[in-house]
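# Architecture at a glance
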Amino acid sequence: VENPAPGTHIATIAHESLLWDVYLDFESDPLRPVSFRARLRFEPPPGTEGAAATQTTVIIIEDSYDDAVAKAHQFDDRQLKGLLRSTLPEIE
């Protein structure tokens, strides 16, 4: 399944004084060519020093593109912030 809309914007969330854009990125699965598998990608504001884009593993698997996007939109800010925190490196 080819990605019909690369980097579908899902939300903008605030985390540690930065506004992060959240995108839904699809990937193909040759074993399941009719499923839509996606991960969330978190992008900090351009030019932000010390912050880099990060992403989850595939966490959304649906039968259609629209279902996958709808599922991603069901995450609230609290859940998205938790997912973002889980992808960031630990600060020692």
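Below you will find a few notes about this structure. Owing to the predicted nature of the structure, the values given are computational and were not obtained by experimental measurement. (Residues numbered from 1 in each chain as written. Predicted model: local features only at pLDDT ≥ 70, side-chain atom pairs only at ≥ 80, totals over all residues. Heavy atoms only, no water.)

## Focus: the side chain of Asp25
With respect to the helices, strands and loops of the structure, Asp25 is situated in strand β2 (residues 18-27). A distance of 3.4 Å separates a polar atom in the side chain of Asp25 from the backbone nitrogen of Gly7. Those residues in contact with Asp25 that sit more than four places away from it in its chain are Gly7, Arg37, Ala38, Arg39 and Arg41. (Helix = DSSP H or I, 4+ residues; strand = E, 2+ residues; numbered from the N terminus. Polar contact = N/O pair within 3.5 Å; in protein donor to acceptor, adjacent residues only side chain to side chain. Contact = heavy atoms within 4.5 Å.)

## Comments concerning the pairing of strand β3 (residues 36-43)
Burial analysis of β3 places seven of its eight residues in the buried class, the great majority of the element. Pairing geometry for β2 and β3, over seven bridges, is antiparallel. Looking at β3, one finds that Glu27 is bridged to Arg37. Bridge count between β3 and strand β5 (residues 60-62): three bridges; the pairing is antiparallel. What sits directly across from Ala38, in β5, is Ile60. (Buried < 20%, exposed > 50% of the residue type's maximum accessible area, 1.4 Å probe, protein only. Pairing = 2+ DSSP bridges.)

## As for the pairing of strand β1 (residues 8-15)
For β1 and β2, the ladder comprises seven bridges, and the chain directions are antiparallel. Across the sheet, the residue bridging to Ala11 is Val22, located in β2. In sequence, β1 turns back onto β2 through a hairpin of two residues, with Glu16 there showing a positive phi of about 50 degrees.

## Description of the pattern of salt bridges
Scanning all chains against the criterion turns up six salt bridges. Here Arg41 ties to Asp25 by a salt bridge, and the two come within 2.5 Å at their closest N and O atoms. Of this pair, Arg41 sits in strand β3 while Asp25 sits in strand β2, and the two are 16 residues apart along the sequence. Its salt-bridge partner being Glu27, residue Arg37 comes within 4.0 Å of it at the nearest N-O pair. In this pair, Arg37 is assigned in strand β3 and Glu27 in strand β2, connecting sequence segments ten residues apart. Since its relative accessible area comes to 28%, Glu27 is described here as partly exposed. The network of salt bridges with common partners includes Asp25, Arg41 and Glu43. (Salt bridge = Lys/Arg side-chain N within 4 Å of Asp/Glu carboxyl O.)

## A word on the environment of Leu24
Considering the arrangement of structural elements, one finds Leu24 in strand β2. Sequence separation of Leu24 and Tyr65 is 41 residues, and the distance between their C-alpha atoms is 11 Å. Ignoring any residue separated from it by four or fewer positions in sequence, one finds Leu24 in contact with Gly7, Thr8, Ile10, Ala38, Arg39, Leu40, Ile60, Ala68, Val69 and Ala72.

## Concerning unusual backbone geometry
The phi torsion of most residues other than glycine is negative, and most of the peptide bonds are trans. Of note in the backbone geometry, Glu16 takes a positive phi value of approximately 50 degrees without being a glycine. Topologically, Glu16 is positioned in the loop between β1 and β2. Take Glu16: its relative accessible area is 61%, and that puts it in the exposed class. For Ser17, which is not glycine, the phi torsion reads 65 degrees and is therefore positive. Its location among the elements puts Ser17 in the loop between β1 and β2.

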